[in-house]
Amino acid sequence: MMAPNAECQKYYKDDDIVISGISGRFPNCETFDEFKEKLFDGTDILDKEQSRWPDGICGAVTKIGVLSNLEKFDSTFFNVHPKLAERLDPQIRAMLESTYEAFVDAGVNPTSLRGSNTAVVVATTNNDYADWWSAEPTRVNGYEFLGCTRTMFPNRISYSFDLKGPSYAVDSGSSGSLMAFEHAL
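The model shown is predicted, which means the values in this text are computed figures rather than measured ones.

The rules behind these values
Residues numbered from 1 in each chain as written. Predicted model: local features only at pLDDT ≥ 70, side-chain atom pairs only at ≥ 80, totals over all residues. Heavy atoms only, no water. Helix = DSSP H or I, 4+ residues; strand = E, 2+ residues; numbered from the N terminus. Buried < 20%, exposed > 50% of the residue type's maximum accessible area, 1.4 Å probe, protein only. Contact = heavy atoms within 4.5 Å. Salt bridge = Lys/Arg side-chain N within 4 Å of Asp/Glu carboxyl O. Phe/Tyr/Trp six-rings, centres within 6.5 Å; stacked < 30°, edge-to-face > 60°. Core = buried A, V, L, I, M, F, W, Y, C linked by side-chain atoms within 4.5 Å.

1. Digging into the side chain of S75
- Relative to the helices and strands, S75 is located in the loop between α2 (32–41) and α3 (82–87).
- Looking at S75, the relative accessible area reads 13%, which means it is buried.
- Apart from residues no more than four positions distant in its own chain, S75 is found in contact with V80 and A85.

2. Quick word on the pattern of salt bridges
- Following the criterion strictly, the structure yields four salt bridges and no others.
- Between R25 and E97 there is a salt bridge; the shortest N-O distance is 3.3 Å. Placement of the pair is R25 in the loop between α1 (6–14) and α2 and E97 in helix α4 (residues 90–105), with a sequence separation of 72 residues.
- With its nearest N and O atoms 3.1 Å apart, the salt bridge here joins E34 to K38.

3. Digging into α2
- A small share of α2 lies buried, amounting to one of its ten residues.
- G42 occupies a position one or two residues after α2 and carries a positive phi of about 80°.

4. Some words on unusual backbone geometry
- Of note in this structure, N28 is not a glycine but carries a positive phi near 50°.
- Along the chain, N28 turns up in the loop between α1 and α2.
- Residue N28 is classed as partly exposed on the basis of its relative accessible area of 32%.

5. So, the packing of aromatic side chains
- One pass over the full model with this rule turns up seven aromatic pairs.
- Plain terms: the ring middles of F78 and F161 are 6.1 Å apart, the flat faces sit at 75° to each other, and that makes the pair edge-to-face. Note that F78 is positioned in the loop between α2 and α3 and F161 in helix α7 (residues 152–161), a separation of 83 residues in sequence. Pair check on accessibility: F78 and F161 agree, each one buried.

6. So, the nonpolar core
- Judged by nonpolar contacts, the single largest core of 16 residues is most densely connected at F73, F78, V80, L88, L96, I157 and F161.
- Residue assignment for this core shows that the elements contributing at least two residues are α3, α4, β1 (120–123) and α7.

Set out below in structure tokens:
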């Protein structure tokens, strides 16, 4: 690991950083508090019954975390064209909703950030949703690229909330979240 240069060290040393809002989507949980409760109680929130892959194919796990209500999305609220909303990766939908909830949890009115120099840095990795759309030519409507491309994830957030700072995705595999956090810092 390389040490940051002296100028960066001064910046980090002199400035306080506060993360004050939280949100997320968790398997078989409707809220963060429900997730926390189940986690501390030792409740298994993974599902044995799943239809995504045949049981044990290629050594795949036999239990998965399933998120509910992925088909529900208020495209008008997030300024997403209905044709694009049809092709919008569920990950982007969840990120838009979670971003709004994190702002509110932090006590920030999202409209107060419109036009601000607020950066959006997102960790992304593989995306099989785009493959699903392109596998059947009759499903294609031309919005798949905008709705499924990983690099568009942060840009969709920036556009929906009118944030004018840097907006980009980081993909470093399992370390993506930490890398995105470091970039944002």
